[in-house]
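Observations on the three-dimensional arrangement
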Amino acid sequence: MSARDEVLRRVRAARPSAPVDVPRDYRTVDGGADLVDLFVDRLIDYKATVRRCDPGGLAGAVGELLSDASAVVAPAGARAWLAAYPGRVLREPLTVTDLDAAGVAVLTGCAVAVARTGTLILDAGPDQGRRALSLVPDRHVCVVHSGQIVGGVPEALARLADPTRPLTLISGPSATSDIELNRVEGVHGPRRLDVVVVD
Amino acid sequence: MSGGHIVARRPFPVAARAELGDAQLRANLRKATHTIRDKRLRVVGEVPDWEALRQAGAAIKDDVLARLPELLEQFEAAATAAGATVHWARDAAEACAVVTGLVRDTGAAEVVKVKSMATQEIGLNEALEAAGIAAVETDLAELIVQLAGDTPSHILVPAIHYNRAQIREIFSRNGLSARTDDPPALAEAARRHLRAKFLSARVGISGANFAVAESGTLVVVESEGNGRMCLTLPETLISVVGIEKILPTFRDLEVFLQLLPRSSTGERMNPYTSLWTGVTPGDGPQTLHIVLVDNGRTETLADSVGRQALRCIRCSACLNVCPVYERVGGHAYGSVYPGPIGAILSPQMSGEGANRTLPYASTLCGACYDACPVRINIPEVLVHLRQTGPHPPAERAAMRALSWAMRDRRRYTAALRAARRGAAPIRLVAGRRGAVRHLPWPLSKWTSTRDAPLPAKQTFREWWAHERA
């Protein structure tokens, strides 16, 4: 008997027979308080930096934030936000070595953001690109439009256009709790996370 | 029909005694577990629907166990359609053989690993090493344990038993220099050490926190970004997944992505969560293998009381609140699954050897049940395993006699009277304390750790009869 058939046979013999009803009495909509303020508060708690601007001020805010970057990686859908950035813009195809070079920052958008947990969800859309782009550079600048911010996790997952695309949930800069169970920022992912909230 | 690192070699009391002698270990554990307890309580307290989430989490997992064969087949079909290759393994040895063969086929001599309980459980690193393949642990705590030549002592933070000064020393012995023993400096040293390995790795190996049946999606929840590196940069990814990790639908993640981070690291959300479905052209590994592992899970599933242990999402909240774990640490349990959940999981997955002493590694205080995000009634399973486990002949005989005496009121009264008469001379020795501190062997086994109480001078019934007379 193959391992597959054997495991399935064992599971069939051992499983309980009674069907189970799943109660879903938890909150699936989480509005209420000012979601943008809550989102900003959570990001700051994770030691991300936050800039707020109106749509007209976006290019200026991004240009100012990135003024000390030696080069910026920007997927096609994010390039318009670099109008006021005078430095070098890196385009695909890029190797991991290009992405890992000192002073390189990456600029992306996101698919949806969660206020209550301070989470950005990237789904490899045109303003986000492949996953390595927001991973290897040491600094990630993410643009979030206030309409993309929802209250809780259930609303955020429901909003994703296609959950089978590669998804990355980002909550603050890379961190670890492995030393004495205290959170410290800055391990393998981007050590600096700047979020520009547009409303 | 299981194996790997889930069988204790020494009985728990023997192993615990040795660990209790290490004052530094106790101090480190106390500091870490108290830090995380406070954090968890704070972030759980701010979720008004926490109990509803726990109820839903438990029910979803129970539903999975009831429909597991269909869901596994559904997962296999969806993952295969998305470009993954699904393999099955009956036990640890078979899982290791499958993974080793897959790595060999790539020709790689080194793999980078995401922290994974499943690969720890099956002893994958040792199997790869025996095949001449170097397995590099990239999670900070796993790296510390690997560099120290040690074994993990906690599900979430395998190096919880080391403090910062000890970690710096382990690093420097292995050529990783950190300026100070400040955690940021230690994290920086790990970053420098692993950077080149991430960027050049050809094969990544991971586990999965969840596997979604309807879409074939795998989920890894992590903090440092080492997971993202291993899941994104190599050409080939091999994910080792226990069969109980299945969730029916993508929507079910809305429950578990709330329960897990707050229960494990005490954060509103962990820094990074990756979800991937098969292979995506131009993004991430272009070859994906998924190895579904049984290794004792179906034995656990067969027990109607004990199967709730399979709901476990490996958050480790039960370890952090356990008064026994806090004092003896993870190594005393002799399995990669320590603490309260380990005390019910390890003996069910493998009834071998010293594992049958693990259900006694508890005071039955119930703090673990309160903390568990999927409501595993750990005390209930502990008592169940104690009842169904083997007992020494003398204990069985004593319990049979006791049960005979207690089944009949006259026999019970007579037995109490006899006991009181028998205890009268001892009372002279015991004095006013009403308890004996030292009894000769074999009763010394009892009195070496606790007093032996003497029967009361008067029973309640006697007192009642006297008062009403």
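Reference entry: report on the structure contained in this document. What you see as residue numbers is a count from 1 along each chain, following the sequence as written. Starting at A for chains and at 1 for ligands, labels are handed out in the order in which the entities are written. Side-chain atom pairs in this predicted model are given and counted only at pLDDT of 80 or more, local residue features only at pLDDT of at least 70, and totals for whole chains, interfaces and linings cover all residues. Computation of side-chain values covers all heavy atoms of the structure but excludes hydrogens and water.

Comment: elements are numbered from the N terminus, with helices defined as DSSP H or I runs of at least four residues and strands as E runs of at least two. On a plain count of helices and strands, chain A comes out with five helices and twelve strands. By its C-alpha atoms, chain A is 65 × 45 × 40 Å across when sized along the principal axes. Accessible area is worked out with a 1.4 Å probe on protein chains only. A residue is then buried under 20% of its type maximum, exposed over 50%, and partly exposed in between. Sorting the 199 residues of chain A into buried and exposed places 57% on the buried side. Only heavy atoms matter for contacts: two residues are in contact if any of them lie within 4.5 Å across the pair. A separation threshold of at least 6 residues defines the contact pool for chain A, and within that pool the share at least 24 residues apart is 71%. Counting every atom, chain A has about 7600 Å² of accessible surface; 52% of that belongs to carbon and sulfur. Asp and Glu count as negative and Lys and Arg as positive, but His and the ends of the chain are not part of the count. Charged groups are reduced to one reference atom each: NZ for lysine, CZ for arginine, CG for aspartic acid, CD for glutamic acid. Here chain A carries 23 positive and 25 negative side-chain charges, and the mean point of each set is 6 Å from the other. Note on areas: Shrake-Rupley with a 1.4 Å probe; residue coverage comes only from the protein chains shown.

A few words on empty space enclosed by the protein. Lining residues are those with an atom within 4 Å of a point, where the points come from a 1 Å grid over the protein atoms alone and group into cavities, where a 1.4 Å probe fits but cannot get out, or pockets, open sets with protein on both sides within 12 Å along at least five of seven lines. Grid points are joined across faces, edges and corners, and a volume is the space filled by probe spheres set on the points. What the rule picks out here adds up to seven cavities of 30 Å³ or more. The computed volume of the largest cavity comes to approximately 580 Å³. Contributing to the lining of the largest cavity are 36 residues, with Lys-115, Leu-156, Asn-209, Val-221 and Arg-314 of chain B lying nearest its centre. Contributions of two or more residues to the lining of the largest cavity are made by helix H6 (117-122), strand E6 (217-222), strand E7 (236-242) and helix H12 (253-264) of chain B. Polar here means any residue other than Ala, Val, Leu, Ile, Met, Phe, Trp, Tyr, Cys and Pro, which are nonpolar, and Asp, Glu, Lys and Arg, which are charged; Gly is therefore polar. By residue class, the composition of the lining of the largest cavity is 15 nonpolar, eleven polar and ten charged. As a volume, the second largest cavity reaches approximately 130 Å³. Around the second largest cavity sit 14 residues that line it, and Arg-27, Asp-30, Arg-116 and Gly-152 of chain A together with Gln-258 of chain B are the ones nearest its centre. Of all the secondary-structure elements, those providing two or more residues to the lining of the second largest cavity are helix H5 (153-159) of chain A together with H12 of chain B. Top contributing element to the lining of the second largest cavity by residue count: H12 of chain B, with three residues. Class assignment for the residues of the lining of the second largest cavity results in four nonpolar, three polar and seven charged.

Let us look at the state of the cysteines. The disulfide criterion is simple: two cysteine sulfur atoms within 2.5 Å. In total, this model carries zero disulfides over all chains according to the counting rule given. No disulfide involves Cys-142 of chain A; its sulfur sits 4.6 Å from that of Cys-110 of chain A, the nearest cysteine. Cysteine Cys-322 of chain B is unpaired, with the sulfur of Cys-365 of chain B as its nearest cysteine sulfur at 6.4 Å.

Here, strands pair whenever DSSP counts at least two bridges between them. In space, the eight strands of this open sheet follow the order E8(A)-E5(A)-E6(A)-E9(A)-E9(B)-E6(B)-E5(B)-E8(B), with mixed pairing throughout. Edge positions in the sheet fall to strand E8 (149-150) of chain A together with strand E8 (246-247) of chain B, since each of these pairs with one other strand and no more. Where strand E5 (residues 210-212) of chain B lies against E6 of chain B, three bridges are found, and the strand directions are antiparallel. Within the sheet, the bridge partner assigned to Phe-210 of chain B lies in E6 of chain B and is Val-219 of chain B.

Moving on, we come to the pattern of salt bridges. Salt bridge, as used here, is a side-chain nitrogen of Lys or Arg placed within 4 Å of a carboxyl oxygen of Asp or Glu. Inspection of the entire model under this criterion finds 55 salt bridges over all chains. In this structure, the salt-bridge partner of Glu-267 of chain B is Arg-183 of chain A, at a minimum N-O distance of 2.1 Å. Taken together, the positions of Glu-267 of chain B in the loop between H12 and strand E9 (272-277) and Arg-183 of chain A in the loop between strand E10 (175-176) and strand E11 (184-185) put the pair across two chains. Across this residue pair, the class does not change: Glu-267 of chain B and Arg-183 of chain A are buried. Residues Asp-451 of chain B and Arg-437 of chain B are paired through a salt bridge, measuring 4.0 Å at the closest nitrogen-oxygen approach. Of the two residues, Asp-451 of chain B is situated in the loop between helix H21 (444-447) and strand E12 (452-453) and Arg-437 of chain B in the loop between strand E11 (435-436) and H21; the sequence distance between them amounts to 14 residues. A relative accessible area of 44% places Arg-437 of chain B in the partly exposed class. Because the salt bridges share partners, they merge into one network encompassing Asp-41, Arg-42 and Asp-45 of chain A together with Glu-46, Arg-262 and Arg-268 of chain B.

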